Amino acid sequence: MTKELPNIAVLGATGVVGREILNILIENDVPYKNIKFLASARSAGSTIEFKGEKHTVIEATPESFKDVNIVLASAGGSTSLKLAQEAVKCGAVYIDNSSAFRMEKDVPLVIAGVNDEDLKNHKGIVANPNCSTSQLMLVLKPLDEYAKIKRLIVSTYQAVSGAGLKAINELTENTKAHLVGMPYENDAFKYEIAFNVIPQIDMFCENGYTKEEMKVTNETRKILHLSENVPISCTAVRVPVYKGHSEAVTIEFEKDITPDKAREILENAWGVEVMDDVDNFVYPTPRHAADKNPVYVGRIRKSIAFDNGIDLFCVADNIRIGAALNTVRLAQKVIEMQLY
């Protein structure tokens, strides 16, 4: 029996990711009965234009989830910790873009098109992975299915938009100051970001890795259902790029795999586009990936460090595939699988 179309709410609708969610809801023509736009008390009362109509932004409170079936949430971890269970009590499926619930045992961590079946285990909350994990999974999943991952090493080169509007503005102002030789006091980052790279994203853990690096490690294991025996290591670096995360990836496999076979697998993979012709200098860059949906992959080559190893470089728009796009795709999967 087919369910009625859901009532949906976008939480954090006025933020950078929230606004991108609205754009993608329109692009993907997501079916719904009613929609509401929720944000903090500070943004409540402002207006949002959506599909040619103006809507008033409502303050997000426990009562605002009444009669809502699906919540697309991008309002930060503290907000989700406060409101997610309230939404669930009202009968909603809460698709969360923060890190609040990602590693909770009873919360599925899902990339649409990678581990959709895990959605069936939800108990009201579905977690959207970290932005740098998200693009990586679309690349690793088909390769793992063919040759089984034995070891994984990732280095990320992450755009400032991953740290929000304040960080975007800081890159602009810092660059302007540097170009005219003026001093600049950084705030969003530990060091000046203009013409620099910073090998720290989030705080350091006891093991010397940052929280961001451990997110990639732990979330990859959970999404791909990899054994604890599979070593995974990540180094996450902030770079002076506005949009688009890049990742250099080394994968050792159980089974023999050639670069040509890896290329063939990825050319047929959902959500992935191969750009790999080094003779003609064809490989992905953040500028190419900006405002686009695929994860772009290039520099596919046999690793000279490991047997059965492949090195590759992947790039994606971190605001889309790393946040808004997967949130919307998860909502579409929940509707398609009638899990609301």
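Up top is the structure.
I will try to describe carefully the structure that is included in this document. (Residues numbered from 1 in each chain as written. Predicted model: local features only at pLDDT ≥ 70, side-chain atom pairs only at ≥ 80, totals over all residues. Heavy atoms only, no water.)

### Topic: the environment of His288
- Relative to the assigned elements, His288 resides in helix 7 (residues 286–289).
- Not counting chain neighbours up to four residues away, the residues in contact with His288 comprise Met275 and Tyr296. (Helix = DSSP H or I, 4+ residues; strand = E, 2+ residues; numbered from the N terminus. Contact = heavy atoms within 4.5 Å.)

### Notes on the sheet that holds strand 14 (residues 309–316)
- Spatially, six strands are ordered 10-9-11-14-13-12 in an open sheet, and the strand pairing comes out mixed. Strand pairing shows two members of the sheet lacking a second neighbour, strand 10 (232–238) and strand 12 (272–274), which therefore form its edges. Each strand of the sheet is rotated relative to its neighbour by a mean of 20°, with strand direction disregarded.
- Relative to strand 13 (residues 295–302), strand 12 runs parallel, the two being bridged by three bridges. Considered in strand 13, the bridge of Val274 is made with Val297.
- Each of strand 12, strand 13 and strand 14 is contacted by helix 6 (residues 259–267), which is oriented at about 165° to strand 13, the strand it contacts most. (Pairing = 2+ DSSP bridges. Axes fitted to C-alpha atoms, helices over the stretch in contact; angles between N-to-C directions.)

### Some points on the pairing of strand 14
- The buried count for strand 14 comes to seven of eight residues, which makes it a mostly enclosed element.
- Sheet topology places strand 13 next to strand 14; five bridges connect them, and they run antiparallel. By the bridge assignment for strand 14, Gly298 is matched with Phe313. (Buried < 20%, exposed > 50% of the residue type's maximum accessible area, 1.4 Å probe, protein only.)

### Concerning the nonpolar core
- Counting residues in hydrophobic clusters, the biggest one holds 89 residues, and the most contacted among them are Leu25, Leu143 and Leu312.
- Ranked by the residues each element gives to this core, the list is headed by helix 8 (residues 320–336), at nine residues.
- Residues contacting Leu25, with those up to four places away along its chain left out, are Ile8, Val10, Val30, Ile35, Phe50, Leu72 and Val328. (Core = buried A, V, L, I, M, F, W, Y, C linked by side-chain atoms within 4.5 Å.)

### Digging into the side chain of Thr220
- One can find Thr220 in helix 5 (residues 211–224).
- Residue classification places Thr220 among the buried residues on the basis of a relative accessible area of 0%.
- Ignoring any residue separated from it by four or fewer positions in sequence, one finds Thr220 in contact with Thr133, Leu136, Met137, Leu140, Leu152, Lys215, His225, Leu226 and Ile232.

### Digging into the pattern of salt bridges
- Enumeration over the complete set of coordinates arrives at 19 salt bridges.
- Between Arg320 and Glu20 there is a salt bridge whose closest N-O contact spans 2.6 Å. One end of the pair, Arg320, is in helix 8; the other, Glu20, is in helix 1 (residues 16–27), with 300 residues separating them in the sequence. Side by side, Arg320 and Glu20 carry an identical accessibility label, which is buried.
- In this structure, Glu145 and Lys141 form a salt bridge, with 3.7 Å as the shortest nitrogen-oxygen distance. (Salt bridge = Lys/Arg side-chain N within 4 Å of Asp/Glu carboxyl O.)

### Observations concerning the environment of Val180
- Within the secondary structure, Val180 sits in the loop between helix 4 (165–179) and helix 5.
- Judged by its relative accessible area of 60%, Val180 falls in the exposed class.
- For the pair Val180 and Gly15, spaced 165 residues apart in the sequence, the C-alpha separation amounts to 31 Å.

### Focus on the packing of aromatic side chains
- This model, assessed by the stated rule, comprises one aromatic pair.
- For the pair Phe37 and Phe50, a centre-to-centre distance of 5.4 Å together with 65° between the ring planes defines the contact as edge-to-face. Linking Phe37 in strand 2 (residues 35–39) with Phe50 in strand 3 (residues 47–50), this pair joins segments that are 13 residues apart in sequence.
- Look at Phe50 and you get buried, because its relative accessible area is 2%.
- When the ring centre of Tyr340 is taken as reference, the NZ or CZ atom of Lys3 above it lies at 4.9 Å.
- Cation over ring: Lys255 sits above Tyr146, and NZ or CZ is 4.0 Å from the ring centre. (Phe/Tyr/Trp six-rings, centres within 6.5 Å; stacked < 30°, edge-to-face > 60°. Lys NZ or Arg CZ within 6 Å of the ring centre and 35° of its normal.)

### With respect to helix 5
- The terminal C-alpha atoms of helix 5 lie 20 Å apart, and with 14 residues this matches the ideal 20 Å at 1.5 Å per residue to within 8%.
- Within helix 5, 10 of the 14 residues are buried, which leaves the element mostly enclosed by the surrounding structure.
- Of the residues making up helix 5, those classed as buried are Glu212, Glu213, Met214, Val216, Thr217, Glu219, Thr220, Arg221, Ile223 and Leu224.
- Here the buried face of helix 5 lies against helix 3 (131–147), strand 9 (149–158) and strand 10. (Expected span 1.5 Å × (residues − 1).)

### Looking at the side chain of Ser64
- Considering the arrangement of structural elements, one finds Ser64 in the loop between strand 5 (58–59) and strand 6 (70–73).
- Setting aside its immediate chain neighbours within four residues, Ser64 contacts Lys36, Leu38 and Glu59.

### Regarding helix 2 (residues 77–89)
- Compared with an ideal rise of 1.5 Å per residue, which puts 13 residues at 18 Å, helix 2 spans 19 Å between its outermost C-alpha atoms and is within 8% of the ideal.
- The largest bend in helix 2 amounts to roughly 35° and is located at Leu83.
- Every buried residue of helix 2 is listed here: Ser80, Leu83, Ala84, Ala87 and Val88.
- The elements touched by buried residues of helix 2 are strand 1 (8–11), strand 6, strand 7 (93–96) and strand 8 (125–127).
- Within two residues after helix 2, Gly91 carries a phi angle of roughly 95°, on the positive side. (Bend = angle between axes of the 7 residues up to and from the residue.)

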